[in-house]
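# Examining the three-dimensional arrangement
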Amino acid sequence: MDLKITTLAGKDAGKLKLSEEIFGLEPREDILQRVVRWQLAKKQQGTHQAKGRADIARTGAKMYKQKGTGRARHSSARAPQFRGGGKAHGPVVRSHEHDLPKKVRALGLKHALSAKAKSASIIVIDELKLADAKTKALAANFETLGLTNALVIGGAEVDLNFARAARALHNIDVLPVQGINVYDILRRGTLVLSKAAVEALEERFK
């Protein structure tokens, strides 16, 4: 699969052959869903907690005598049915993480890249570098390229001026190639890869 390389200014900078094993697969939604679900589960804090009856600071004395009142038998004001009582089966602090095999994670990334390639939503740029960290200048470049909602993947290290300039742009995410992931690829309309990022991805999946 051949893809045109452009500069940040939108000029032609040659062509690049993409690996069919990474960018040419038939995307499978079930694999993408599994990886996204795994990612989002890892992100959940799991710090939500409600007080159960054991956590309520109320007297343990019997509320009223066992017999003769005509009411149901109760022994504790901490029970969930009373105002101020503990929550029944409330949330507790826990981890939401679950396991996903490494092979499935790697396959998910390939399918996400292939999905973008199939929908012609990949742009390869020769270098993601700016002389000055000027958001206005970068916004003009992105306008030339037609980018309004994009994930930008640089090489092993993202150019500092580029990262600073992109920070203020709405719906634009910038990551180094090590941080590329299925969720971020799918949540943005266009995937922008530097030439170094493509080479790093192909080296990673050899």
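Since the model is a prediction, treat every value here as computed from it, not as a measurement.

## Quick look at the overall build of the chain
Counting its secondary structure elements, the chain contains 7 helices and 6 strands. Beginning at the N terminus, the succession of helices and strands in the chain can be written as β-β-α-α-α-β-α-β-α-β-α-β-α. For 206 residues, the compact-globule formula gives about 17 Å, and the C-alpha radius of gyration of the chain, at 27 Å, lies well above that figure. Its C-alpha atoms put the chain at 95 × 40 × 25 Å along the principal axes. Relative to its full complement of 206 residues, the chain shows a buried share of 37%. The contacts in the chain between residues at least 6 apart in sequence include a share of 70% that link residues at least 24 apart. Measuring between centres, the 37 positive side-chain charges of the chain sit 19 Å from its 21 negative side-chain charges.

## A word on the layout of surface pockets
Of the volumes computed, that of the largest pocket is approximately 170 Å³. Lining the largest pocket are V35, W38, Q39, K102, R105, A106, L109, I180, N181, V182, R204 and F205. Listed by contribution, the elements that provide at least two residues to the lining of the largest pocket are helix 2 (29-43) and helix 3 (102-118). Ranked by residue count, the leading element in the lining of the largest pocket is helix 3, at 4 residues.

## Quick look at helix 7 (residues 195-204)
For helix 7, the full list of buried residues reads A197, V198 and L201. All buried residues of helix 7 lie within an arc of 100 degrees about the axis, which places them on one face of the element. Those residues of helix 7 that are buried are in contact with strand 2 (12-17), helix 1 (20-23), helix 3, strand 3 (122-125), strand 4 (150-153) and strand 6 (190-194).

## Focus on the pattern of salt bridges
In the structure shown here, the tally under the stated rule is 7 salt bridges. With its nearest N and O atoms 2.5 Å apart, the salt bridge here joins E26 to K118. Of the two residues, E26 is situated in the loop between helix 1 and helix 2 and K118 in helix 3; the sequence distance between them amounts to 92 residues. With respect to class, E26 is no different from K118; both count as exposed. Between D173 and R188 there is a salt bridge, with the nearest N and O atoms lying 3.0 Å from each other. On the criterion of sequence distance, the pair formed by D173 in strand 5 (residues 172-175) and R188 in the loop between helix 6 (182-187) and strand 6 is long-range, its members being 15 residues apart. Beyond isolated ion pairs, a larger network of salt bridges with shared partners links D173, D184, R187 and R188.

## Side note on the packing of aromatic side chains
The relative placement of two aromatic rings is captured by the distance of their centres and the angle of their planes. Within this structure, the stated rule accounts for 1 aromatic pair. Where F142 meets F162, the ring centres are 6.3 Å apart and the plane angle is 70 degrees; that geometry is what we call edge-to-face. Taken together, the residues span a long stretch of sequence, with F142 in helix 4 (residues 135-145) and F162 in helix 5 (residues 160-166) at a distance of 20 residues. You'll find F142 and F162 in the same group, each marked buried.

About the criteria used
- Sequence order as written defines the numbering, with residues in each chain counted from 1.
- Given that this is a predicted model, residues contribute local features only at a pLDDT of at least 70 and side-chain atom pairs are listed and counted only at 80 or more, while totals for whole chains, interfaces and linings are drawn from all residues.
- Water and hydrogen atoms were dropped before computing side-chain values, which therefore reflect all heavy atoms in the structure.
- Secondary structure counts use DSSP, requiring at least four H or I residues in a row for a helix and at least two E residues in a row for a strand, with both numbered from the N terminus.
- Computation of the radius of gyration draws on C-alpha atoms, with the globule rule given as 2.2 Å multiplied by the number of residues to the power 0.38.
- Exposure categories follow from relative accessible area, calculated using a 1.4 Å probe and restricted to protein chains: below 20% of the type maximum is buried, above 50% is exposed, and the middle band is partly exposed.
- Any two residues whose heavy atoms approach within 4.5 Å are treated as being in contact.
- Neither His nor the chain ends is counted toward charge; the positive residues are Lys and Arg and the negative residues Asp and Glu.
- For charged residues, the charge sits on one atom: NZ in Lys, CZ in Arg, CG in Asp, CD in Glu.
- Think of a 1 Å grid over just the protein atoms. A cavity is a set of points where a 1.4 Å probe fits yet cannot get out, a pocket is an open set with protein on both sides within 12 Å along at least five of seven lines, and lining residues have an atom within 4 Å of a point.
- Grid points are joined across faces, edges and corners, and a volume is the space filled by probe spheres set on the points.
- Directions are taken from the helix axis to each C-beta atom, and the arc is the one they span.
- Criterion for a salt bridge: a side-chain nitrogen of Lys or Arg within 4 Å of a carboxyl oxygen of Asp or Glu.
- Side-chain rings of Phe, Tyr and Trp (the six-membered ring for Trp) are treated as a pair once their centres are within 6.5 Å; stacked means planes under 30 degrees apart, edge-to-face means over 60, and tilted covers the remaining angles.

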